[in-house]
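Survey of secondary and tertiary structure
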Amino acid sequence: MNIIAGPASQLLAGRVTEVLKANLLISEFRKFPDGELYTRVVDDIGSVVTIIQSTVTDSDFIALLQLIDACSDASRVNVVIPYMGYARQDKKFKAGEAISARALARTIKADNVYTINIHDTSILDYFDAKTIDLDATPMIGKYIKNMKFINPLIIAPDDGAINIAKSASSDLGIDYDYLEKTRLSGEAVLIQPKNVNVKGRDVIIIDDIISTGGTIAETISLLRKQGAHEVFAACVHPVLSSNAILKIFKAGVKGIIATDTIDKGVSVVSVAPVIASVIGNI
Ligand code: R5P
């Protein structure tokens, strides 16, 4: 099995290679003086190859397209997109908008495409490939299992993330819940855990993505007001744009736990075994 790492996923691809005892190919990534990207796979690509590249930035996406093109002579090309940018624009919210996730997915030509906790699995239908969305939340659960908590509770910031909370808590014997927004009047909303009292408990908030940190910071403040003991923030994809980390710490977080779908200082949980478990069987 030959593995090609895109520029955004070199560490993760290295970890997958290590798990599988596969062959990590050397590639070269440069910029021309006008800013255009130059991408070359230096080692022999061979006939079956897996490209691993998150598309955090527009340039990451171009590098992925270049790598797929470089593999045109391979007989089978698998693409792993651990974090897919633009996935949150998965529908038209206003007339005239592009469905960005569709626009990007349609350009990816491969035999198999694997994503990890993609924002909405409906996006998978837009790829010209067989697709599977992998679940990294049990890996976060495993990490949490080794931490010391007081009467812990895993909480999703909204009902959209309830499956993530459920999956991360499975096998841990830890309760999970989600926050529910109740409109009290035109101006006032009450956000509270649906079923459980958080007073005196350690709470781990879990979401698919932390981007600006707004959702998590607001949730932390609320849980602390409601008497939670220590509050941790966990996510699969630590986008952490701009001053997200500052906002989250200002809100009183005890720690941030994330995976390496995006390589950040908080990426303490590796999804390499999750990727290896599927591409190792191809
Ligand atoms: C939204 O649907 C996602 O699940 C996350 O809750 C959202 O992307 C977080 O964004 P932010 O960190 O900017 O509040």
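Remember, predicted model here, so these are calculated numbers, not experimental data.

On a plain count of helices and strands, the protein chain comes out with 8 helices and 15 strands. Rg of the C-alpha trace for the protein chain: 20 Å, near the compact-globule value of 19 Å for 282 residues, within the 12% margin. Put simply, the protein chain has 282 residues, and 49% of those count as buried. Partitioning the contacts of the protein chain with sequence separation of at least 6, the portion at a separation of at least 24 is 60%. Accessible surface for the protein chain amounts to roughly 13,400 Å². Of this, 49% is attributable to carbon and sulfur atoms. Of the charged side chains in the protein chain, 29 are positive and 32 negative, and the gap between their average positions amounts to 6 Å.

So, about the side chain of Asn117. Mapped onto the elements, Asn117 comes out in the loop between strand 7 (109–116) and strand 8 (128–134). In this structure Asn117 comes out as buried when scored by relative accessible area, which is 9%. Dropping the residues within four chain positions of it, Asn117 is found in contact with Asp133, Leu134, Asp135, Ala136, Thr137, Val236 and His237.

Among all positions of helix 1 (residues 10–20), only Leu12, Ala13, Val16 and Thr17 are buried. The buried residues of helix 1 all sit within an arc of 140° when viewed along its axis, so they share a single face. Looking at the buried side of helix 1, the elements it contacts are strand 1 (2–5), strand 2 (23–25), strand 5 (48–52) and helix 8 (272–279). Note on helix 1: the residue one or two positions beyond its end, Lys21, has a positive phi of about 50°.

Turning our eyes to something else, we now look at the site of the ligand. Neighbouring the ligand are the residues Arg88, His119, Asp207, Asp208, Ile209, Ile210, Ser211, Thr212, Gly213, Gly214 and Thr215. Measuring from an oxygen atom of the ligand, one finds a backbone N or O atom of Ser211 at 2.8 Å. Note that an oxygen atom of the ligand is positioned 2.9 Å from one of the backbone N or O atoms of Gly213. Here the ligand, which alone exposes 370 Å², has 79% of that area covered by the protein. When each cavity is represented as a set of grid points, the ligand is found to reside in the largest pocket. Every element with two or more residues in the shell around the ligand is listed here: strand 12 (203–210) and helix 6 (214–225). Considering each element in turn, the shell around the ligand owes the most residues, 4 residues, to strand 12.

A few words on the domain arrangement of the protein chain. The domain architecture assigned to the protein chain consists of domain 1 (2–135 + 270–279) and domain 2 (137–260). Distance from the C-alpha centre of domain 1 to the C-alpha centre of domain 2: 29 Å. The interface is formed by 14 residues belonging to domain 1 together with 12 residues belonging to domain 2. Considering only the side of domain 1, the residues that lose the most area to domain 2 are Tyr83, Asn117 and Asp135, jointly responsible for 42% of the buried surface there. Counting across the interface, domain 1 meets domain 2 through 1 salt bridge.

Below, the discussion takes up empty space enclosed by the protein. In the structure shown here, the tally under the stated rule is 2 cavities of 30 Å³ or more. Taken as a whole, the largest cavity encloses approximately 50 Å³ of empty space. For the largest cavity, the full set of lining residues is Pro82, Tyr83, Met84, Ala87, Ile116, Asn117, Ile118, His119, Ile209 and His237. Here the lining of the largest cavity is composed, by residue class, of 7 nonpolar, 3 polar and no charged.

It is worth spelling out unusual backbone geometry at this point. Residue Asn117 is not a glycine yet carries a positive backbone phi of 40°. Backbone geometry places Asn151, a non-glycine residue, at a positive phi of 40°. Tracing the backbone shows Asn151 in the loop between helix 4 (137–145) and strand 9 (153–156).

Conventions and cut-offs
- Residues numbered from 1 in each chain as written.
- Predicted model: local features only at pLDDT ≥ 70, side-chain atom pairs only at ≥ 80, totals over all residues.
- Heavy atoms only, no water.
- Helix = DSSP H or I, 4+ residues; strand = E, 2+ residues; numbered from the N terminus.
- Rg over C-alpha atoms; globule rule 2.2 N^0.38 Å.
- Buried < 20%, exposed > 50% of the residue type's maximum accessible area, 1.4 Å probe, protein only.
- Contact = heavy atoms within 4.5 Å.
- Areas by Shrake-Rupley, 256 points an atom, 1.4 Å probe, with all protein chains shown as cover.
- Lys, Arg positive; Asp, Glu negative; His and termini not counted.
- Charge placed at Lys NZ, Arg CZ, Asp CG, Glu CD.
- Arc of directions from axis to C-beta.
- Near = heavy atom within 4 Å.
- Polar contact = N/O pair within 3.5 Å; in protein donor to acceptor, adjacent residues only side chain to side chain.
- 1 Å grid on protein atoms, 1.4 Å probe; cavity = no way out; pocket = protein on both sides within 12 Å on 5 of 7 lines; lining within 4 Å.
- Sits in = over half its atoms within 2 Å of the grid points.
- Domains from an automatic or database assignment.
- Buried area = accessible area lost by both parts, 1.4 Å probe.
- Salt bridge = Lys/Arg side-chain N within 4 Å of Asp/Glu carboxyl O.
- Points joined across faces, edges and corners; volume = space filled by probe spheres on them.
- Nonpolar A, V, L, I, M, F, W, Y, C, P; charged D, E, K, R; others polar.

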